[in-house]
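# Structural overview
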Amino acid sequence: MRIIPAIDIIDGKCVRLSKGDYSTKIIYNENPLEVAKTFEAHGIEYLHLVDLDGAKSSKIINYKILEQIATQTSLQIDFGGGLKSDEDLRIAFESGANQITGGSIAVKNKEIFQKWIFQYGSGKIILGADAKDEKIAVSGWLENSDEDLIPFIQEYQNKGIQYVICTDIAKDGMLQGPSFDLYQKILSEAYDVKLIASGGISTFDELPKLAELGCEGTIIGKAIYEGRITLKQLENYIIRK
C-alpha cells in the first residue's frame, strides 16, 4: 500500500482543516516546499497536494507551489482543488503534477471529466469521491449532492477510471480512525478499483489494516503534523514493504 502524505494549501501555507471547514484552519508550516522535502528525506515517494484556495474559487490558484515541489523534489504528486477547465488541467500537468484529482467536476460536469479520462488516460486522472453519509459532497465539501457514493464510483469505472480517493468527511481531520467499514464496502462492490483511503487516519496501527482490506494507498495528513504518526514509522513501513 502506498503511503501518501497530504499538503493542503491556503494562502501559500501548509494547513489542515477539520471536516473541510475553512474556519477550523490550522497553519502547520509557512513553507510547503520545506515540508515536501522533509517527506522525501524519509523515503516518501508520493504526495497529495490540495489547492484549497482553488477549491473555493473554482480555478487553479496555487500552481506555483506545485511547480516548486515538482522541480525541487522527486515526489510523484497528485494535485487537486478547483480544477474545472481544460486550461486548469494543462497548467497542473505543465507545473509538474503526475496525476490530478477531480471531485466536484466529476459531479457537476461529467462530460468534461469523461473527456479528461479519454484525453489523458486513466492512469493520470483520479476520481475524488468525497462523501458524507454515503452521498457525494462537492465544492470543497461546502455542498452535498444527490449522488450515491458506490454507484457514482461504479459509473466512472465503466468509463475507465481506475484510481479513486475516498474521504469520509465526517472523519476528516478528526483523528478518530478511518472508515474501515465504508472502504470494505466499496472494495467489495466496486470490483478492481484502486482505492486510496483518506480521512481520519490517527495511528500507525491503522495502516496495516487498510492494506489488509485491499486499499491501494492511504493519504495521511493531520496525524503526521500532530506527531501521532512519525515520519520514521512511515520510513520503516516503506522499507519493510
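Criteria and thresholds
Residues numbered from 1 in each chain as written. Predicted model: local features only at pLDDT ≥ 70, side-chain atom pairs only at ≥ 80, totals over all residues. Heavy atoms only, no water. Helix = DSSP H or I, 4+ residues; strand = E, 2+ residues; numbered from the N terminus. Buried < 20%, exposed > 50% of the residue type's maximum accessible area, 1.4 Å probe, protein only. Pairing = 2+ DSSP bridges. Phe/Tyr/Trp six-rings, centres within 6.5 Å; stacked < 30°, edge-to-face > 60°. Lys NZ or Arg CZ within 6 Å of the ring centre and 35° of its normal. Polar contact = N/O pair within 3.5 Å; in protein donor to acceptor, adjacent residues only side chain to side chain. Contact = heavy atoms within 4.5 Å. UniProt positions renumbered as here; feature names shortened; annotations may be inferred. Axes fitted to C-alpha atoms, helices over the stretch in contact; angles between N-to-C directions. Parallel < 35°, antiparallel > 145°, perpendicular 65-115°, else oblique. Left-handed = near helix turned anticlockwise from the far one by under 90°. Nonpolar A, V, L, I, M, F, W, Y, C, P; charged D, E, K, R; others polar. Salt bridge = Lys/Arg side-chain N within 4 Å of Asp/Glu carboxyl O.

## Here we look at the environment of isoleucine 220
Inspection of the secondary structure assignment puts isoleucine 220 in strand β12 (residues 217–220). Considered as a pair, isoleucine 220 and serine 202 are 18 residues apart in the sequence and their alpha carbons are 8.5 Å apart.

## Focus on the pairing of strand β2 (residues 13–18)
Along β2, five of the six residues are buried, which leaves the element largely enclosed by surrounding structure. Note that strand β1 (residues 2–10) and β2 share three bridges and pair antiparallel. From the neighbouring strand, aspartate 8 faces β2, where its bridge partner is valine 15. Note: β2 against strand β3 (residues 21–29), four bridges, orientation antiparallel. When the sheet's bridge partners are listed, valine 15 is paired in β3 with isoleucine 27.

## Looking at the pairing of strand β8 (residues 135–138)
With two bridges connecting them, strand β7 (residues 125–132) and β8 associate as antiparallel partners. Directly across from alanine 131, in β8, lies its bridge partner isoleucine 136.

## Here's the deal with the packing of aromatic side chains
Scanning the model with the defined rule gives seven aromatic pairs in all. Through a chain of ring-to-ring contacts, the aromatic side chains of Phe113, Trp116, Phe152 and Tyr156 assemble into a single cluster. In this structure, arginine 2 packs its charged tip against the face of tyrosine 46, placed 4.6 Å from the ring centre. Taking the ring centre of tyrosine 22 as reference, the NZ or CZ of lysine 56 above it sits at 4.4 Å.

## Concerning the side chain of histidine 48
With respect to the helices and strands, histidine 48 occurs in strand β4 (residues 46–51). You can call histidine 48 buried: its relative accessible area is 11%. Engagement of the side chain of histidine 48 in a polar contact is seen with the side chain of aspartate 78, the distance being 2.6 Å. Histidine 48 has contacts with Ile4, Pro5, Ala6, Ile7, Asp78, Thr101, Ile165 and Ile219, leaving out every residue within four places of it along the chain.

## What about the UniProt feature "active site" (unreviewed entry) in the protein?
Taking the numbering used here, the UniProt-annotated feature "active site" (unreviewed entry) corresponds to Asp8 and Asp130. Tracing the backbone through its elements, the reader meets aspartate 8 in strand β1. When near neighbours in sequence (up to four residues on either side) are disregarded, aspartate 8 contacts Lys13, Cys14, Val15, Arg16, Val50 and Leu52. With respect to the secondary-structure elements, aspartate 130 resides in strand β7.

## Brief notes about the packing of helix α4 (residues 86–94) against helix α6 (residues 110–120)
Two numbers describe how α4 lies on α6: the axes approach to 11 Å, and their chain directions differ by 40 degrees. The pairing of α4 with α6 is recorded here as oblique in orientation. Considering how the two elements wind past one another, α4 and α6 form a crossing that is right-handed. Residues Asp86, Leu89, Arg90 and Phe93 of α4 lie in contact with α6, whose contacting residues are Ile112, Lys115, Trp116 and Tyr120. Partitioning the contact of α4 with α6 into residue classes produces five nonpolar, no polar and three charged.

## Structural notes on the pattern of salt bridges
Counted by the stated rule, this structure contains 12 salt bridges. Close ionic contact of glutamate 67 with lysine 64 constitutes a salt bridge, the shortest N to O distance being 3.7 Å. Linking glutamate 67 with lysine 64, this pair stays in helix α3 (residues 63–72), spanning three residues, or about one helical turn. Glutamate 134 is the salt-bridge partner of lysine 185, the closest N and O atoms lying 3.1 Å from each other. Separated by 51 residues along the polypeptide, lysine 185 in helix α8 (residues 180–189) and glutamate 134 in the loop between β7 and β8 bring together distant segments of the chain. With relative accessibility at 32%, the residue glutamate 134 sits in the partly exposed group. Each of Glu87, Arg90 and Glu94 takes part in a single network of salt bridges with overlapping partners.

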